[in-house]
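In case you want the letters, here they are:
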Amino acid sequence: MAMSEKILSVAPMLDWTDRHCRHFLRLICPSCVLYTEMLTTNALLLGRDPQRFLEYSAAEHPLILQVGGDDPEAMRRVSWLAREYQYDGINLNVGCPSPRVQKGSFGACLMATPEHVATLMTALADSGLPVSIKHRLGLDREENYAALQQFVGRVAQSGCRHFIVHARNAWLKGLNPAENREIPPLRWDWVQQLKQDFPHLQIEINGGFKAPATVLEQYPSVDGVMIGRAAYHNPLLLAEVEIALGRRAQLPERGQILEDLMTYAESWGETLPAPRLSRHLHGLYYGVAGAGEWRRFLGTAALNESAADFLRRALQQFA
Ligand SMILES: Cc1cc2nc3c(=O)[nH]c(=O)nc-3n(C[C@H](O)[C@H](O)[C@H](O)COP(=O)(O)O)c2cc1C
């Protein structure tokens, strides 16, 4: 894959990458692929207001719907829903270790049943949208590259061509989800090895990337890098990677980002309370002078103020 086609993406993050966060990230990084938070098939098919989760703004494209679940028929129906809402693709979550998800027998525990995952991927592909899977290296303390290789090989037989690998195991017992993103050892080399073993597949690496240099080091060996927490806490990191990839000349101006965000907020009028947008903006001044002042200012966002009015105040003080 040529450098110009390499994938840069922002990881799906529950409660974080909602549509307002994604719009903000898109203003900073025009070329990255964005993902929804994980939405369960139950929420999408049986929930009271699935539209609320599914709607997004056109600027968010390319945008992938991430789903969690374990029922092939439900996946088939979600596949058509994703097409109706014009998502650019659908991703299956096989990485989440939370007890709630384990109770529903989906997320990371599906790594134990590659056969079933292949069935789910076939069902997800029903509407013709591109499909991908996001998974771990393995389960619990079993460190077994051959098992990972078999997992990927079996799922690829379903026709799935795009694998996003969070480069550590999921420990289903004894760790909470946050610990499961820190404690199981990171093994970036296993993901690189997957690319060598499956050169015809798109292999994207995820887990622990914080600096542009370490992201760039990966690109010769894999097809894409997905960044989660660091993209949320320091979103301009994404623009730095774009510069290094030759996709832009310079970092965006923070004042311009705030202006563009105000145009977005104005389109919501009074229906978007300030905190629903401001909660995602902490990282705008990450690592630069004024970061503390900015965070304190974000604390003044009030529920009875619209996001547009809040941004107007922000522009007066910070642009
Ligand atoms: C707050 C939070 C919520 C997350 N929610 C999801 C999710 O909905 N789906 C998913 O596949 N992974 C989820 N993850 C995991 C991330 O997608 C990613 O795999 C993980 O954070 C490792 O990448 P990072 O080190 O770049 O953050 C979440 C992570 C965080 C911090």
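Residues numbered from 1 in each chain as written. Predicted model: local features only at pLDDT ≥ 70, side-chain atom pairs only at ≥ 80, totals over all residues. Heavy atoms only, no water.

- Where an unreviewed UniProt entry is consulted, the protein appears under the name tRNA dihydrouridine(20/20a) synthase DusA, with the organism given as Acidithiobacillus montserratensis.

## Concerning the layout of surface pockets
- Its boundaries defined by the atoms lining it, the largest pocket holds a volume of some 840 Å³.
- Looking at the lining of the largest pocket, the elements with two or more residues in it are helix H5 (99-103), strand S9 (224-227) and helix H10 (229-233).
- With three residues, the single largest contributor to the lining of the largest pocket is H10.
- Split into classes, the residues belonging to the lining of the largest pocket amount to 16 nonpolar, 11 polar and eight charged.
- Computed from the structure, the second largest pocket encloses a volume of approximately 470 Å³.
- Lining the second largest pocket are 19 residues, and of these Asp 18, Arg 19, Glu 37, Arg 52 and Phe 53 lie nearest its centre.
- Elements with a minimum of two residues in the lining of the second largest pocket: helix H1 (19-28), strand S3 (39-40) and helix H3 (50-54). (1 Å grid on protein atoms, 1.4 Å probe; cavity = no way out; pocket = protein on both sides within 12 Å on 5 of 7 lines; lining within 4 Å. Points joined across faces, edges and corners; volume = space filled by probe spheres on them. Helix = DSSP H or I, 4+ residues; strand = E, 2+ residues; numbered from the N terminus. Nonpolar A, V, L, I, M, F, W, Y, C, P; charged D, E, K, R; others polar.)

## With respect to the domain arrangement of the protein
- Along its sequence, the protein is organised into domain 1 (3-244) and domain 2 (254-318).
- Distance from the C-alpha centre of domain 1 to the C-alpha centre of domain 2: 29 Å.
- On the domain 2 side, the residues contacting the 16 residues of domain 1 number 15 residues.
- Between domain 1 and domain 2, a total of about 1400 Å² is buried, with carbon and sulfur atoms accounting for 64% of that surface.
- When the buried surface of domain 1 facing domain 2 is broken down by residue, His 20, Phe 24 and Leu 27 rank first, second and third, together holding 43% of it.
- Between Asp 15 and Arg 279 there is a salt bridge whose closest N-O contact spans 3.6 Å.
- Linking domain 1 to domain 2 there are eight residue pairs in polar contact (both at pLDDT 80 or more).
- Mapped onto the side of domain 1 that touches domain 2, the elements with two or more residues apiece are H1 and H10.
- Residue contributions to the side of domain 1 that touches domain 2 peak at seven residues, all from H1. (Domains from an automatic or database assignment. Contact = heavy atoms within 4.5 Å. Buried area = accessible area lost by both parts, 1.4 Å probe. Salt bridge = Lys/Arg side-chain N within 4 Å of Asp/Glu carboxyl O. Polar contact = N/O pair within 3.5 Å; in protein donor to acceptor, adjacent residues only side chain to side chain.)

## A closer look at the packing of aromatic side chains
- Taken as a whole, this structure holds 11 aromatic pairs when the rule is applied.
- Ring geometry for Tyr 56 versus Tyr 87: centroids 4.9 Å apart, planes at 55°, classification tilted. Here the residue Tyr 56 occupies a position in the loop between H3 and strand S4 (63-68), and Tyr 87 occupies one in the loop between helix H4 (72-84) and strand S5 (89-94), the gap between them amounting to 31 residues.
- Judged by relative accessible area, which is 3%, Tyr 87 ranks as buried.
- Between the aromatic rings of Tyr 285 and Phe 318, the centroid separation amounts to 5.8 Å while the plane-to-plane angle is 45°, which identifies the pairing as tilted. Taken together, the residues span a long stretch of sequence, with Tyr 285 in the loop between helix H13 (274-278) and helix H14 (291-298) and Phe 318 in helix H15 (residues 307-318) at a distance of 33 residues. For the pair Tyr 285 and Phe 318, a shared accessibility class is recorded, and that class is buried.
- Members of the aromatic cluster, joined through ring pairs, are Tyr 285, Trp 294, Phe 297, Phe 310 and Phe 318. (Phe/Tyr/Trp six-rings, centres within 6.5 Å; stacked < 30°, edge-to-face > 60°. Buried < 20%, exposed > 50% of the residue type's maximum accessible area, 1.4 Å probe, protein only.)

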